[in-house]
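Residue-level structure breakdown
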Amino acid sequence: MEFKIKNFLENNSIVIDKPVICAVSGGADSVVMLTILKKLGFNVVLAHVNHHKRAQSELEEASMRKLAEGLAIPFELLSYHYTGNDNFHNDSHNARYNFFREMCKKYNTNIIATAHHSDDQIETILMKLMEGSNLYGYGGISICNDDGEYKIIRPLLCVSKEEIYDYANKNKLIYFEDSSNHENDFLRNRLRHFVVPLLKKECSDLNVKALEYSIQLKEAFNYIRKQSIEYLDQNNNEIIVESFNSLDIALRKDIVSLLLERHSIRKNNNIILAIVDLLKDSSGSKSIYLEGSRFIRSYDKGYIVDKERATNESVSLGLNDIVSFGKYRLYFSRIAPQKGVKCVKLCYNNIVLPFMVREKQDGDSIMTLIGNKKLSRVFIDKKIPRESRGDYPVVLDNDGNTLWVVDLVKSKALYDMKSSGDIYLVCEEI
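So, how was this worked out
- Residues numbered from 1 in each chain as written.
- Predicted model: local features only at pLDDT ≥ 70, side-chain atom pairs only at ≥ 80, totals over all residues.
- Heavy atoms only, no water.
- Helix = DSSP H or I, 4+ residues; strand = E, 2+ residues; numbered from the N terminus.
- Buried < 20%, exposed > 50% of the residue type's maximum accessible area, 1.4 Å probe, protein only.
- Contact = heavy atoms within 4.5 Å.
- Areas by Shrake-Rupley, 256 points an atom, 1.4 Å probe, with all protein chains shown as cover.
- Patch = residues over 30% accessible without salt bridge, like charges linked within 9 Å, V, L, I, M, F, W, Y side chains within 5 Å.
- Salt bridge = Lys/Arg side-chain N within 4 Å of Asp/Glu carboxyl O.
- Core = buried A, V, L, I, M, F, W, Y, C linked by side-chain atoms within 4.5 Å.
- Pairing = 2+ DSSP bridges.
- Axes fitted to C-alpha atoms, helices over the stretch in contact; angles between N-to-C directions.
- Parallel < 35°, antiparallel > 145°, perpendicular 65-115°, else oblique.
- Left-handed = near helix turned anticlockwise from the far one by under 90°.
- Nonpolar A, V, L, I, M, F, W, Y, C, P; charged D, E, K, R; others polar.
- Disulfide = S-S within 2.5 Å.
- Phe/Tyr/Trp six-rings, centres within 6.5 Å; stacked < 30°, edge-to-face > 60°.

Re the overall build of the protein chain
Counting its secondary structure elements, the protein chain contains 15 helices and 21 strands. For the protein chain, the spread of C-alpha atoms along the principal axes amounts to about 85 × 50 × 45 Å. A burial count over the protein chain gives 46% of its 430 residues as buried. Taking contacts inside the protein chain between residues at least 6 apart in sequence as the whole, the part at least 24 apart equals 64%. When the accessible area of the protein chain is evaluated, it comes to approximately 22,600 Å², of which 49% is carbon and sulfur surface.

This is how it looks when you write it as structure tokens:
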């Protein structure tokens, strides 16, 4: 297996000419990775994180210290105690990688190694297909991530979990099993236990095929991404409608994806397609709300307005307008929408257009059937997290009164005119 991994690194042009900070949890994967890199003659550092979440955490730490001593390599420890309330996985991930980067500085290197293997790759690709992603995401786990400052390598992506266990047992390596890996509460575990075994029965070399698939998608993505970077750099992070629409659709979608990434805005295929669609013409000005920020197409240019500037801005909604807001599209219709589509019924003769659409602002309120209510209280009562409140369109009438907060509350005025309604305000998911 050492020879297989050596060839894998060389064939993928991964040069290891500095110490390697090895992320070693104590499981079979990371213990095998560390052992093989050491046997291949690389200068390795065992970096272990004790999360203090399980009874055997202290045993794992002691065992990893002993392993480092036996290999005559440095042992580095992060003793991590989570103090948050609801996002352990995200916070602990950030803490781990901050620790690894600190170790890079200490040992004058930029190389971090993690023990993801080809079964992890299969599971990740399946999850991305189910969740939706871009070309890069569908390719799963990268063999190497190099941001110019740090390089994260994954030497075991060429081997299966079965090969790892075989190597560990033949070499009498001591490792620990995380009991949570056997539970089916998480999607990854369900795929691992039920779906992947069936796929392997149909395709005996699924692990190899998944790696080939990943490499080809990453290569295609990197080719397209270079052009996207060049386009946005040349245009100061703006999209010029005429030149943009002359490009291949794959490049257009990635330019939009990169622009969202540069503004740290979460994206999915629906949002990307909505922006591409918005840029198909240059008449007038339209926008899409994105987590409090806005993508604006103003005549011949498209650009993102950051959260601070976008917060107090409203978009006009007239009889023939279509307003995009995050994952929604709002418009008026004389025909009742399909069942399940969000809408409110209006009496056309009793409304004055245009309406306005925006996100919630401090001080907003709505007149309900039982009296006036602050929108802040509506969001609290509905248990909407603060960071998600900008995702809900707020519709105001021509006088600035709140008519509707999509999915959450309707005003008394809407209930009063419902029986005589002859037009619909529709809010459908893009």
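Don't stop here, the text continues.
Here we look at a nonpolar patch on the surface
Together, Phe194, Val195 and Leu199 give the surface a local cluster of nonpolar side chains, amounting to about 240 Å² of exposed area. Tracing the chain through its elements places Leu199 in helix H8 (residues 187–202). Of the residues examined, Leu199 reaches a relative accessible area of 33% and is grouped as partly exposed.

Thoughts on the environment of Ile224
Mapped onto the elements of the fold, Ile224 is located in helix H9 (residues 206–234). The class for Ile224 is buried, based on a relative accessible area of 15%. Measuring from C-alpha to C-alpha, the distance between Ile224 and Lys66 comes to 47 Å, with 158 residues separating the pair along the chain. Not counting the four nearest positions on each side in its chain, Ile224 is found in contact with Leu135, Ala250, Leu251 and Asp254.

Thoughts on the nonpolar core
Looking at soluble globular proteins, one finds that nonpolar side chains tend to be buried together. If you look at the biggest cluster of nonpolar residues, it comprises 38 residues, and the most contacted ones within it are Val20, Cys22, Leu34, Leu37 and Leu46. Mapped onto this core, the elements with two or more residues apiece are helix H1 (2–11), strand S1 (20–23), helix H2 (28–39), strand S2 (44–50), helix H3 (57–71), strand S4 (111–113) and helix H7 (161–170). Among the elements that take part in this core, H2 stands out by supplying seven residues, more than any other. Here Leu34 is in contact with Cys22, Val24, Val44, Val45, Leu46, Leu67, Leu71 and Ile73, once residues within four sequence places are set aside. Counting residues in hydrophobic clusters, the runner-up holds 24 residues, among them Ile224, Tyr231, Leu251 and Ala274.

Thoughts on the sheet that holds strand S5 (residues 144–146)
Sheets are built from strands paired through backbone hydrogen bonds, the pairs being either parallel or antiparallel. Taken together, the six strands give an open sheet; going across it, the order is S3-S2-S1-S4-S6-S5, and neighbouring strands pair in mixed fashion. Each having just a single partner strand, strand S3 (75–79) and S5 make up the two edges of the open sheet. Adjacent strand axes in the sheet meet at a mean angle of 20° when their direction is disregarded. Set on the sheet, H2 makes contact with S1, S2 and S4; between it and S1 the angle comes to about 155°.

Details of the pairing of S2
With seven of seven residues buried, S2 is to be regarded as a mostly interior element. Side chains of S2 alternate between two faces, with Val44, Leu46, His48 and Asn50 and Val45, Ala47 and Val49 buried alike. Relative to S2, S1 is paired through four bridges, and the arrangement is parallel. Opposite Ile21, over in S2, you have Val45 as the bridge partner.

Quick word on the packing of helix H5 (residues 118–131) against H9
Close contact between H5 and H9 brings their axes to 9 Å; oriented N to C, the two are set at 60°. One way to sum up the angle between H5 and H9 is to call them oblique. Classified by chirality, the crossing of H9 by H5 is left-handed. From H5, Ser118, Asp119, Gln121, Ile122, Ile125 and Leu129 reach across to H9, where they touch Leu206, Asn207, Ala210, Tyr213 and Ser214. Across the contact of H5 with H9, the residue classes break down as six nonpolar, four polar and one charged.

Description of the state of the cysteines
Between two cysteines, a covalent bond joining their sulfur atoms is known as a disulfide. Taken as a whole and judged by the stated rule, the model has zero disulfides. Unpaired in this structure, Cys144 has its nearest cysteine sulfur neighbour in Cys104, at a distance of 12 Å. Cys144 gets classed as partly exposed once you look at its relative accessible area, which sits at 29%. A disulfide-free cysteine, Cys347 has its sulfur positioned 16 Å from the sulfur of Cys343, the nearest such atom.

Focus on the pattern of salt bridges
Under the criterion given, the structure shown has 24 salt bridges. One salt bridge in this structure joins Glu10 and Lys6, with 2.8 Å as the shortest N-O distance. Of this pair, Glu10 and Lys6 both sit in helix H1, four residues apart, roughly one helical turn. For Lys6, a relative accessible area of 37% gives the class partly exposed. Shared partners join several salt bridges into a network, and the residues in it are Arg225, Asp254, Glu261 and Lys267.

Brief notes about the packing of aromatic side chains
Tallied over the full model, the rule gives six aromatic pairs. Seen in terms of ring centroids, Tyr97 and Phe100 are 5.4 Å apart; in terms of plane orientation they differ by 80°. Their pairing is edge-to-face. Taken together, the residues span about one helical turn, with Tyr97 and Phe100 both in helix H4 (residues 88–106) at a distance of three residues. The same class applies to Tyr97 and to Phe100, which are both buried. Relative to Tyr392, the ring of Phe379 has its centre 5.9 Å away and its plane inclined at 75°; by these criteria the two rings are edge-to-face. Here Phe379, found in helix H14 (residues 375–381), pairs with Tyr392, found in the loop between H14 and strand S18 (394–396); they are 13 residues apart in sequence, far enough to count as distant. Judged by relative accessible area, which is 1%, Phe379 ranks as buried. With a relative accessible area of 18%, Tyr392 lands in the buried category.

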